[in-house]
Amino acid sequence: MSNLPFSPAADRNKAPILERLQAILPAQGAALEIASGTGQHAVWFAAGLPGWHWQPTDFEAQSLPAIDARVSESGLTRVARARRLDVLAPQWPAEGPAFSTLFDAIFCANMLHIAPWATCAGLMQGAARHLAPGGVLITYGPYLENGVPTAPGNLAFDASLRANHPDWGIRQLADVTEQAHHAGLTLQQRHAMPSNNLLLVWGRST
């Protein structure tokens, strides 16, 4: 039994997210994952998308060895070594050589509400720099939407986040969309997901 860090939430949502990714993405490509955390998503998605190469990253340097260990345990050969990436940095990744090729997809789950608001602009601007032509940024997590009732669980979650970290909290989708627009990205698809989450697909404005 592995003693690697484990996220129950990542374990619960990996299957429905993969099902959506399989419907959205082409048969092959290169993906960059932002905020990979424990690496559970990286391993699960790479296994379920056999034509894709996966590049995991995380802001926390101490998370990288565990991600690499989980990938090693999986036996997957299409997952690169994890890199430290700060979405606010002018160069991606923040340390070592910059990415030299563009990505067909960039995936980021459950980061925007547990990070300072500035990371939203950083994510959008960095994605615009690193997406290949026709590539997409895919974000997953809870959002607040005008005209859409917010689930009581999400309201309580938002309140707890803001009580502990004043710059954290579930983001207004309209505000996220505005930051995307500034970076030249538009919302192309909105998918309702279990547990009151959304999977959003962003692409370059035409």
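Predicted model, so just to flag it, every value in this text is computed and none were measured.

Basis of the calculations
- Residues numbered from 1 in each chain as written.
- Predicted model: local features only at pLDDT ≥ 70, side-chain atom pairs only at ≥ 80, totals over all residues.
- Heavy atoms only, no water.
- Helix = DSSP H or I, 4+ residues; strand = E, 2+ residues; numbered from the N terminus.
- Rg over C-alpha atoms; globule rule 2.2 N^0.38 Å.
- Buried < 20%, exposed > 50% of the residue type's maximum accessible area, 1.4 Å probe, protein only.
- Contact = heavy atoms within 4.5 Å.
- Areas by Shrake-Rupley, 256 points an atom, 1.4 Å probe, with all protein chains shown as cover.
- Lys, Arg positive; Asp, Glu negative; His and termini not counted.
- Charge placed at Lys NZ, Arg CZ, Asp CG, Glu CD.
- Polar contact = N/O pair within 3.5 Å; in protein donor to acceptor, adjacent residues only side chain to side chain.
- 1 Å grid on protein atoms, 1.4 Å probe; cavity = no way out; pocket = protein on both sides within 12 Å on 5 of 7 lines; lining within 4 Å.
- Points joined across faces, edges and corners; volume = space filled by probe spheres on them.
- Pairing = 2+ DSSP bridges.
- Axes fitted to C-alpha atoms, helices over the stretch in contact; angles between N-to-C directions.

1. Let's talk about the overall build of the protein
Then, number 1: Of regular secondary structure, the protein possesses six helices and nine strands.
Then, number 2: Over its C-alpha trace the protein gives a radius of gyration of 16 Å, about what one expects of a compact globule, namely 17 Å for 206 residues.
Then, number 3: Taken along its principal axes, the extent of the C-alpha atoms in the protein is 45 × 45 × 30 Å.
Then, number 4: By residue count, 50% of the 206 residues in the protein fall in the buried class.
Then, number 5: Within the protein, residue pairs in contact and separated by at least 24 positions form 70% of the contacts whose partners lie at least 6 positions apart.
Then, number 6: Approximately 9800 Å² of the protein is accessible, and the part contributed by carbon and sulfur atoms is 55%.
Then, number 7: If you average the places of the 13 positive and of the 15 negative side-chain charges in the protein, the two averages end up 4 Å apart.

2. Digging into the side chain of Thr-57
Then, number 1: Mapped onto the elements, Thr-57 comes out in strand E2 (residues 52-58).
Then, number 2: A relative accessible area of 0% places Thr-57 in the buried class.
Then, number 3: A distance of 2.6 Å separates a polar side-chain atom of Thr-57 from the backbone oxygen of Glu-33.
Then, number 4: Setting aside residues up to four positions removed in sequence, Thr-57 forms contacts with Leu-32, Glu-33, Ile-34, Ala-35, Ser-36, Arg-83, Leu-85 and Phe-99.

3. Some points on empty space enclosed by the protein
Then, number 1: If you walk through the whole model with that rule in mind, you get one cavity of 30 Å³ or more.
Then, number 2: Its boundaries defined by the atoms lining it, the largest cavity holds a volume of some 70 Å³.
Then, number 3: Surrounding the largest cavity, Cys-108, Ala-109, Asn-110, Met-111, Leu-112, His-113, Thr-139, Tyr-140, Gly-141, Pro-142, Tyr-143 and Arg-171 form its lining.
Then, number 4: Mapped onto the lining of the largest cavity, the elements with two or more residues apiece are strand E4 (103-109) and strand E5 (131-141).
Then, number 5: Examining the composition of the lining of the largest cavity, we find that three residues originate from one element, E5, more than from any other.

4. Focus on the sheet that holds E2
Then, number 1: Here we have seven strands laid out as an open sheet, ordered E3-E2-E1-E4-E5-E9-E8, and mixed in their pairing. Every interior strand has two partners, whereas the edge strands, strand E3 (83-84) and strand E8 (185-193), have only one.
Then, number 2: Contacts between helix H2 (residues 40-48) and the sheet are confined to strand E1 (29-34), E2 and E4, with E2 contributing the most and set at about 175 degrees to the helix.

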